[in-house]
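Here are the chains, one letter per residue:
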Amino acid sequence: MGEIDRYFDAALSLVKSAGNLISEHVDGCKIFERKSCDIDLVTEIDKKVEETLIGGLSKEFPDHKFIGEESVAGGAKCELTDAPTWIIDPVDGTLNFVHGFPHSCISLGLAINKECVAGIIYNPILKQLFTAKKGQGAFLNDRRIHVSDITELRNALVAFEVGTSRDEERCKVVFENFKRIVTKGHGLRALGSAALNMAMVAMGGADANFEFGIHAWDIAAGDILVREAGGVCMDPSGKPLDLLSRRVLCASTPQLAQELVETLVQIYPERD
Ligand code: IPD
């Protein structure tokens, strides 16, 4: 068994048990606090899941580093070095979780030398377990998954999110992109979870996904999942993905990604 397999197995068992904390609230988790704004929420469950994962992984791998959404919100440094780093969104789709819209997941990526080498996206409510390890393919509930073969935007279903900022200038660009995709593409979908949107691309249910303003913890697991499913994941400018840039574009094919690069109005949010 390789090193990545060992790290992955330990993480998977922690993710599965932390998933029970989420599935206990299928009807919604009505007690929450607001973070950066009225639609950026956190619940006790977000905090407990993150504590479970960081506690378990640091016991097993004392040298490993962490970037966790709630730890960073609490003041921890968001620092990505070459050391093995677990990048954690304890509940991606917290707004869904609060409302009882059943698309929330734990998103856990492992980066080594700043490259994502393993990822787990687990929606315990709908029992969807997406997994990927470098060079070993992508899976949904242990069944191999693959991206679609769509190469043109006119045939593409695109997953998209408005995100959590309601800054007026930013919203103008978001709505312009919305209009461009609706006009040129097959359709738009928004699951309310960046990680699950990327998982849809990995399984061929959607053909592309992009977002400006997401964070490393929203996209780390999705990055390796999409690439291992045969797709591409990059910066929306067409440059290589930078996990801390708060920008992502993934697609089933390089041709579709390139068309989106040329179609999208770009936003450059402040880095993580
Ligand atoms: C959010 C979700 C949402 C995306 C936001 C993320 P959270 O993550 O992924 O779909 O649009 O940008 O911040 O706050 O639910 O973990």
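A short tour of the structure in this document, coming up. No experiment lies behind these values; they were computed from the predicted model shown.

Notes on the pattern of salt bridges
- Evaluated as defined, the whole model comprises 13 salt bridges.
- Across the pair Glu 44 and Lys 47 runs a salt bridge whose closest N-O atoms are separated by 4.0 Å. Residue Glu 44 and its partner Lys 47 are both found in helix α2 (residues 44-60); the two are separated by three residues, about one turn of the helix.
- Overall, Glu 44 belongs to the partly exposed group, its relative accessible area being 45%.
- Classification of Lys 47 by relative accessible area gives partly exposed; the value is 28%.
- One continuous salt-bridge network, built from bridges that share partners, spans Glu 33, Glu 44 and Lys 47.

Observations concerning the sheet that holds strand β11 (residues 187-189)
- Here five strands make up an open sheet; going across it, the order is β11-β10-β12-β14-β13 and the pairing mixed. Each of the sheet's edge strands pairs with one partner strand only, and the pair in question is β11 and β13 (232-234). For this sheet the average axis-to-axis angle between neighbouring strands, irrespective of direction, equals 20°.
- Sheet contacts for helix α6 (residues 194-202): β10 (157-160), β12 (208-212), β13 and β14 (247-251); angle to β12, the most-contacted strand, approximately 155°.
- Helix α8 (residues 254-263) rests against β12, β13 and β14 of the sheet, and its axis sits at about 140° to β14.

Side note on the nonpolar core
- In terms of nonpolar packing, the biggest core is built from 40 residues, with Leu 80, Ile 87, Ile 121, Phe 130, Met 198, Leu 225 and Leu 243 touching the most fellow members.
- Elements with a minimum of two residues in this core: β5 (105-112), β6 (115-123), β7 (128-133), β8 (138-140), α6, α7 (216-228) and β14.
- Each residue touching Ile 87, except ones within four places of it in the same chain, is listed here: Ile 67, Leu 80, Ser 107, Leu 108, Gly 109, Ala 111, Ala 216, Trp 217, Ala 220 and Leu 243.
- Ala 18, Val 49, Leu 108 and Leu 110 belong to the second-largest nonpolar core, a separate cluster that totals 31 residues.

A few points about the side chain of Asp 218
- Here Asp 218 shows up in helix α7.
- Despite its burial, Asp 218 pairs with no opposite charge, the nearest such side chain being Arg 246 at 7.2 Å.
- Only 2.8 Å separates the side chain of Asp 218 from the backbone nitrogen of His 215, close enough to count as a polar contact.
- Sequence-distant contacts of Asp 218, that is, excluding residues within four places in its chain, are made with Asp 89, Asp 92, Ser 107, Ala 194, Ala 195 and Met 198.

Conventions used here
- Residues numbered from 1 in each chain as written.
- Predicted model: local features only at pLDDT ≥ 70, side-chain atom pairs only at ≥ 80, totals over all residues.
- Heavy atoms only, no water.
- Salt bridge = Lys/Arg side-chain N within 4 Å of Asp/Glu carboxyl O.
- Helix = DSSP H or I, 4+ residues; strand = E, 2+ residues; numbered from the N terminus.
- Buried < 20%, exposed > 50% of the residue type's maximum accessible area, 1.4 Å probe, protein only.
- Pairing = 2+ DSSP bridges.
- Axes fitted to C-alpha atoms, helices over the stretch in contact; angles between N-to-C directions.
- Contact = heavy atoms within 4.5 Å.
- Core = buried A, V, L, I, M, F, W, Y, C linked by side-chain atoms within 4.5 Å.
- Lys, Arg positive; Asp, Glu negative; His and termini not counted.
- Polar contact = N/O pair within 3.5 Å; in protein donor to acceptor, adjacent residues only side chain to side chain.

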